[in-house]
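Structure at a glance
Residue-level listing of the chains:
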Amino acid sequence: MSALNHKLLRDLWRIKGQAGAIALVVAVGVLLLVMMSGMISSLEETRRTYYERYRLADVFAPVVRAPQNILDRLAEIPGVDAVEGRIQGSALVEIAGQDLPVRAQVVSLPPWREARLNGVYLADGRMPQAGRTEEVLVLKSFAGAHGLGLGDHLSATMYGNRRAFRIVGIAQAPEFLFTTAPGEFVPDAARFAVLWMNQDALEAAYDLKGAFNEALLSLERGARVEPVLAAADALLDRYGGLGAYGLADQMSNRFLSEEIKGLRTTSAAVPPIFMGVAAFLLYIVVSRMVQAEREQIGLIKAFGYTDWEVSMHYFKLVVSIAVFGAALGCAGGVWSGRLLAGVYQSIYHFPFLVFRVEPSAFVSGVSVSVLAAMAGGLFVLRQVFALTPAVAMRPPAPADYSRTGAMHQSLKRWLDQPSRMVLRRVLRNPGRIFGAVLGIAAGMGLSSAQMSVMSGFNDALSQTFDVIDRSDVTVTFFEQMPEKTAFALKHVPGVIEVEPTRAVGAVLRHGTNSYRGGVTGLVADARLNRAVDADQAEIAMPDDGIVLATALADILKVEPGDTVTIEVLEGRRPVLEMPVARIADTMLGAPAFVRMDVLNRAMNEPGRISGAYLRVDSEQYPGLFAALKQVPSVAGVTRKSDARAAMKKLMDTGAGTMRFVMAAIAGIITFGIVYNSARISFGEQSRDLASLRVMGFTQGEASFILLGELAIVVFLAIPLGVGVGYGLSFLVAEGFSTDIYQIPTAFRPDAYGAAGAAVVVAAVISGWLVKRDIQKVDLVATLKTRE
């Protein structure tokens, strides 16, 4: 081993504390990159394999009722590879010991043994036998949420008739990775069931003998979806087609795609921040090491080592720290990714999910960390190249402080000598102090941004379920009902107030932008479910126009005054043109609001509703639910408290989990930066502090001089960190926001106060650790001049 390599090992051991802190910064950046890249590739590969293995359809075409022979005509559409018709409908499932009925989707199984499209993975049990109309398969997540097993019985109300069933199999399916009741945005395995049964059983239950109400189509490789959708709609229009849609708009797949999108956004935005902080710290540490070792550098060059060899010595120091941190981050990324894979498998109900990191993720992690370190080290190499042996072996010329000015006499009277020394050092080294302030502010900014986003999740819940939705229970009907149905609900025991609503499926278009969702009709003086603006003030439904949620307005790229096209997907399927009246600050989903009578008039269906919001007496919930079970037209009953709990669970899992991880990592980064600043300052002043000790200063006074500077740096960094955190909070909130929910961003004093307190605590701990080193300083050895 060469002499320079021996020196490299000694230098690494000597600065092991600083090197470890910097390596930790690099490690968390690489850990996030590897973990998120692994999760993205694993989710995408698992989804692709699952969809292919169980032949998930590329196009879904719901219809009111179409004869079986139409399937042959659908198969003739150019680009279509396979077609299958099925029956699906809504039901209410009764669970023993539970007052509230559970909404369910029932799906037919084909007469032949295996479905051509949208196959079912049998997790346990067997398929229903031919002719056994009482046998069903139950979705695994629902069965697990209610403790249901093979042989258990349950009853369901289908199309107004109550029927009893026996569970013979527990199943999973790629189209039900996320299970959401129609009209809701929040998935909840306990509140929504999926039942599969023989086709002849559903033909009888829904009066669809020899017919189907949903066609499934798979496409040939390379076929475009849009022409197939248009052709399918044209064929099914006379049979009550409800608008064909592609896999991209299928609800379960949309949830999963949004999750992957959120992970990709976070993985692209956050790790580079950590790498930039690491490069900055490496630059400070190594540049100050070069200044401290200038005499050694001159001596090494005098012995015949070239500028290149000496520069490479310090360059290898930088790269060694980065490579160690990257290796630590790769190992941590795999370990944490495996833990997260288990969480995602439980959320998305995959029958399999293997966490696998592509080699490119490791290469990217190591490359990015090394390049970031090299970026910080290149500036140091310039200093090494510039030092000639003759200049380097001489002590550096004393700095010229004549331009800094003398300290004002009033300060001299108020400050004792150690305090004046602290202040003088700060004023005479503005560049170095600014670098330290910037580093700590960056760490605090990361922490405060994460805390602000965590508060934003709670604000989204509060605004959705306290400000916008002020009802207690939501009732939905199987089909559009007369408006008098809502008023009949007023006579149900426990109901205090009723507010009718109507929701219709629709495709909204503006220019080349489109969104498949729905339009909600609200009464003119809505009280229980409202649209509000950014100031949480109620938006009155306009006489002519549509109110769009912020997320939907961003998707369509519209502003108030623009005109949107609304292609209604039910009834007579009118195409409406409406101006955008207002933008609503809605946190959940991407809804559009129209005054209900305006919507009904545009559809030429006056006095029709699809549901109602209820304000009820909480003491009479059991009687209310029992009464609603007896109403044949009721398709579902949702208690707001259940929806809120499900939404919170959704936000606290999946990509939402990352906010807790990021907050913890930001705290670690903050401590690492503060500790590094303290260690660097100690390394620079160790000789001066030893001199002060010899001159008669006590350990406490010497420590005060060092730690007083750290205190000033922290004091200056906190307000700057508030500004950095406020700016970062918008980027982080944007990364976590999806079509499903949006995270509001605002200035939250509690978040910035907690982040500032964390910086102060980190400074206290770092100061205590450095003070221990001050007490261990060998005064004689430190004051010796190195030859």
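Refer to the structure presented above.
Structure report, in brief.

Scoring rules and cut-offs
Residues numbered from 1 in each chain as written. Predicted model: local features only at pLDDT ≥ 70, side-chain atom pairs only at ≥ 80, totals over all residues. Heavy atoms only, no water. Axes fitted to C-alpha atoms, helices over the stretch in contact; angles between N-to-C directions. Helix = DSSP H or I, 4+ residues; strand = E, 2+ residues; numbered from the N terminus. Parallel < 35°, antiparallel > 145°, perpendicular 65-115°, else oblique. Left-handed = near helix turned anticlockwise from the far one by under 90°. Contact = heavy atoms within 4.5 Å. Nonpolar A, V, L, I, M, F, W, Y, C, P; charged D, E, K, R; others polar. Buried < 20%, exposed > 50% of the residue type's maximum accessible area, 1.4 Å probe, protein only. Arc of directions from axis to C-beta. Phe/Tyr/Trp six-rings, centres within 6.5 Å; stacked < 30°, edge-to-face > 60°. Lys NZ or Arg CZ within 6 Å of the ring centre and 35° of its normal. Expected span 1.5 Å × (residues − 1). Pairing = 2+ DSSP bridges. Patch = residues over 30% accessible without salt bridge, like charges linked within 9 Å, V, L, I, M, F, W, Y side chains within 5 Å. Areas by Shrake-Rupley, 256 points an atom, 1.4 Å probe, with all protein chains shown as cover. Salt bridge = Lys/Arg side-chain N within 4 Å of Asp/Glu carboxyl O.

Running from amino to carboxyl end, helix 1 (residues 3-14) crosses helix 9 (residues 307-348) at an angle of 40 degrees, the nearest separation of the two axes being 10 Å. Relative to helix 9, the element helix 1 lies oblique. At the point where helix 1 passes helix 9, the crossing takes the right-handed sense. Listed contacts from helix 9 to Leu-4, Asn-5, Lys-7, Leu-8, Asp-11 and Leu-12 of helix 1 are Glu-309, His-313, Tyr-314, Lys-316, Leu-317, Ser-320 and Ile-321. In terms of residue class, the contact of helix 1 with helix 9 is built from 6 nonpolar, 3 polar and 4 charged.

Before going further, it helps to spend a moment on the packing of helix 13 (residues 417-428) against helix 14 (residues 430-468). At a minimum axis separation of 5 Å, helix 13 and helix 14 run at an interaxial angle of 90 degrees. Between helix 13 and helix 14, the crossing angle belongs to the class labelled roughly perpendicular. Residues Arg-425, Val-426, Leu-427 and Arg-428 of helix 13 pack against Pro-430, Arg-432 and Ile-433 of helix 14. Residue composition of the contact of helix 13 with helix 14, by class: 4 nonpolar, no polar and 3 charged.

Attention now goes to helix 18 (residues 621-629). Along helix 18, the positions that sit buried rather than exposed are Tyr-621, Leu-624, Phe-625 and Leu-628. Seen along its axis, helix 18 keeps its buried residues to an arc of 95 degrees; they face one direction. For helix 18, the elements touching its buried residues are strand 12 (473-482), strand 13 (495-510), strand 19 (608-616) and strand 20 (634-639).

Before going further, it helps to examine the packing of aromatic side chains. One pass over the full model with this rule turns up 8 aromatic pairs. Look at Tyr-50 and Tyr-54: their rings are 5.5 Å apart centre to centre, the planes differ by 80 degrees, and that puts the pair in the edge-to-face class. Taking relative accessible area as the criterion, Tyr-50 reaches 0% and is therefore assigned buried. Taking the centre distance of 6.0 Å and the plane angle of 75 degrees together, the rings of Tyr-50 and Phe-352 count as edge-to-face. Here Phe-352 lies in the loop between helix 9 and helix 10 (359-386) and Tyr-50 lies in helix 2 (residues 16-53), a separation of 302 residues in the sequence. The partly exposed category is assigned to Phe-352, whose relative accessible area is 23%. Ring pairs connect the aromatic residues Tyr-50, Tyr-54, Tyr-121, Phe-350 and Phe-352, which therefore count as one cluster. The side chain of Arg-639 reaches across the aromatic face of Tyr-621, ending 5.5 Å from its centre.

Between its first and last C-alpha, helix 1 extends 16 Å over 12 residues, near the 16 Å set by a 1.5 Å rise per residue. Within helix 1 the residues assigned to the buried category are Leu-4, Lys-7, Leu-8 and Asp-11. Seen from one end, helix 1 has its buried residues packed into an arc of 105 degrees, which puts them on one side. When the buried face of helix 1 is taken as reference, the exposed residues oriented beyond 90 degrees from it are Arg-10 and Trp-13.

Below, the discussion takes up the sheet that holds strand 11 (residues 245-246). One open sheet holds the 4 strands; their spatial order is 2-10-1-11, and the pairing between them is antiparallel. The sheet is open, and its two edges are formed by strand 2 (80-86) and strand 11, each paired on a single side. Both strand 1 (residues 59-67) and strand 11 contribute to a ladder of 2 bridges, which runs antiparallel. If you follow Phe-60 over to strand 11, its bridge partner there is Tyr-245. Against the sheet, helix 6 (residues 225-236) touches strand 1, strand 2, strand 10 (211-219) and strand 11, its axis set at about 10 degrees to strand 1.

A contiguous nonpolar surface patch, about 350 Å² in accessible area, is contributed by Leu-24, Phe-324, Leu-328 and Ile-668. Given a relative accessible area of 37%, Ile-668 falls into the partly exposed group.

Turning next to the pairing of strand 2. Within strand 2, 5 of the 7 residues are buried, which leaves the element mostly enclosed by the surrounding structure. Inspection of the sheet shows strand 2 paired to strand 10 by 6 bridges, in the antiparallel sense. The residue bridging Glu-84 from the neighbouring strand is Leu-216, located in strand 10.

What follows covers unusual backbone geometry. The residue Arg-55 is not glycine, and still its phi comes out positive at about 55 degrees. On the basis of relative accessibility, which here comes to 25%, the residue Arg-55 falls in the partly exposed class. Positive phi outside glycine occurs at Lys-557, with the angle close to 60 degrees. Of note, Lys-557 is situated in the loop between helix 16 (550-556) and strand 16 (563-568).

Topologically, Ala-75 is positioned in helix 3 (residues 70-75). Classification of Ala-75 as partly exposed rests on a relative accessible area of 41%. Sequence separation between Ala-75 and Leu-219 is 144 residues, and the spatial gap between their C-alpha atoms is 9.9 Å. Non-local contacts of Ala-75, meaning those with residues more than four positions away in its chain, are made with Val-80 and Val-83.

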